[in-house]
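# Report on the structure
Chain by chain, the residues run as shown.
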Amino acid sequence: MAVSGGIAAYKSAELVRLLRKQGATVRVVMTHSAMQFVSPLTFQALSGHPVHTELLDTDQENAMGHISLARWADALLIAPATANTLAKCSHGLADDLLSTLYLAASCPVYVAPAMNQAMWHKPVTQENIQKLLSHGVTVIGPAQGDQACGETGFGRMSEPVDICRYLMNQPVVQCLSGLKVLISAGPTREPLDPVRYITNRSSGKMGYALANAALKAGAKVTLVSGPVTLSAPVNADLISVETAEQMHAAVMSKVAEHDIYIGAAAVADYSPASIENQKIKKQSEQITLTLVKTKDILADVAGLDNHRPFTVGFAAETHDLEHYALDKLRRKNLDMIAANWVGQVSLNPPFTKGGMQLDKVSDTPRRTSEKGGFDSDQNALQVYWNTGSKNLAMTDKNQLAELLISLIAERREQKTHEKNTA
Ligand code: PMT
């Protein structure tokens, strides 16, 4: 366990105790800043081993330097992981024992971020997190709540008991081992003329988190992505597309090779009937756009007679979530549907009615209690299948993706079992 310098370092002492109680052998590395918060003696007493603090300490290098520590560990947990530590690890800096250990480690790496909520939401921190995820690091938390700085929000280190439970629940057998998963993610762009397009608010975070989670579960992953600013997981095959038509073509050309299809993309339901060759000029007070329905990728995948994969759709709804999700599940003949509330950002009516977000127009009241769905780091899902449902509560999209992936694996196995015993 590597402890970096945040107030949550005091919680890591409890974490060492809990991990040892579960039978783990724990060796602790501390940064100099971490030692400002908690004494190495505390960790020494709790772990039963000397604490490692120096990169260039002759004694420690001989006994258990960063390379031997990296070779020794079955897992590396960085808790708390400060914004600075995350930045260093994501950029491959190695100027202290912790960051050098991270670089040298070939075992699974887990980070439990802890920082002020504004620091957590800063785009650069989120970019660093995405980078670490694409390098195969698992991010645990952070949790939401009151912070030591007096603010409230996401950024608290997850509770030691939750981190411990998470580590101890890591599946020994990867639940998607040997399977191929095709995932669509992000928005589509439907061009109107050479400079304008119709799109939606999808950032791709949910789909990319699913790709990472599927890789971690042992699957081979193909990710068909609309235009986003995220880095794709290094081990996934990425196919970048722009329009709904291109996404349809990419998915249909690959789907037969895959065991599971997850449609997390926010595909435009309508696209312009024609694309102007030149920029549309501003002349009349009003113009009318003619839009035509796009091909439904999800329905086409689920309707395949041969090589139909286990098909999971998403439903993004501003109202009557359960009603519309169940309708999509049945009408599109899906195996599962993951429904989420969207559109909780308050938009003024002229924008939603007359603007470019034409494929997600709604003039009914929006649910505003929790923020999830489009372009948020968190989300909650209500998952339905023909014989049941499960609620996955609001949490970080990476954690949510892991929960959804294990539910998909469970349901797929159940379906295969039912087919074999029918
Ligand atoms: O990308 P993020 O910012 O992280 O946001 C995540 C998300 C909100 C986009 C994601 O969680 C989500 O809900 N994705 C589906 C969005 C959507 O378009 O939902 P829908 O209810 O309009 O469509 C239902 C399903 O049909 C979806 O699986 C969609 O991929 C699929 N579809 C829709 C239209 C179409 N032409 N082809 C499709 O395959």
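Residues numbered from 1 in each chain as written. Predicted model: local features only at pLDDT ≥ 70, side-chain atom pairs only at ≥ 80, totals over all residues. Heavy atoms only, no water.

## Examining the nonpolar core
Here is the rule: Definition of nonpolar core: a set of buried residues of the types Ala, Val, Leu, Ile, Met, Phe, Trp, Tyr and Cys, connected through side-chain atoms within 4.5 Å. A 1.4 Å probe rolled over the protein chains alone gives each residue an accessible area, and that area as a share of the maximum for its type sets the label: buried under 20%, exposed over 50%, partly exposed in between. Note on conventions: DSSP H or I runs of at least 4 residues are helices, E runs of at least 2 residues are strands, and numbering of each starts at the N terminus. We call two residues in contact when some of their heavy atoms are within 4.5 Å.
The biggest cluster of nonpolar side chains holds 38 residues, and the ones touching the most others in it are Leu176, Ile183, Leu210, Ile262, Phe314, Val383 and Leu404. Those elements giving two or more residues to this core turn out to be strand E8 (180–185), helix H11 (205–216), strand E11 (220–225), strand E13 (260–263), strand E16 (310–317), strand E17 (336–341), strand E18 (378–385) and helix H16 (397–421). Considering every element that reaches this core, the biggest residue donor is H11, with eight residues. Excluding anything up to four places from it in sequence, Phe314 contacts Met206, Leu210, Ile262, Gly263, Ala264, Ile337, Ala338, Asn340, Leu381 and Leu404. Judged by nonpolar contacts, the second largest core, of 28 residues, contains Leu55, Ala73, Leu97 and Met115.

## Brief notes about the domain arrangement of the chain
Note the cut-off: Per the annotation, domain bounds derive from an automatic or database assignment of domains. Reported buried area values correspond to the accessible surface (1.4 Å probe) lost by two parts on association, with both partners' losses combined. Salt bridges are defined as contacts in which a side-chain nitrogen from Lys or Arg sits within 4 Å of a carboxyl oxygen from Asp or Glu. Nitrogen and oxygen atoms within 3.5 Å of one another constitute a polar contact, given that in protein one can donate a hydrogen and the other can accept it, and given that sequence-neighbouring residues count only through two side-chain atoms. Amino acids are sorted into nonpolar (Ala, Val, Leu, Ile, Met, Phe, Trp, Tyr, Cys and Pro), charged (Asp, Glu, Lys and Arg) and polar (every other residue, Gly among them).
If you check the domain split of the chain, you get domain 1 (2–168) and domain 2 (180–421). Taken together, the contacts link 15 residues of domain 1 with 13 residues of domain 2. Between domain 1 and domain 2 the total buried area reaches about 1,300 Å² when both faces are included, carbon and sulfur atoms providing 47% of it. The largest share of the area that domain 1 buries against domain 2 comes from Gln130, Leu133 and Ser134, three residues that together contribute 39% of it. Our count for the contact surface shared by domain 1 and domain 2 stands at zero salt bridges. Our count for the contact surface shared by domain 1 and domain 2 stands at five residue pairs in polar contact (both at pLDDT 80 or more). Contributions of two or more residues to the side of domain 1 that touches domain 2 are made by helix H8 (117–121) and helix H9 (123–134). In terms of residue class, the side of domain 1 that touches domain 2 is made up of seven nonpolar, eight polar and no charged.

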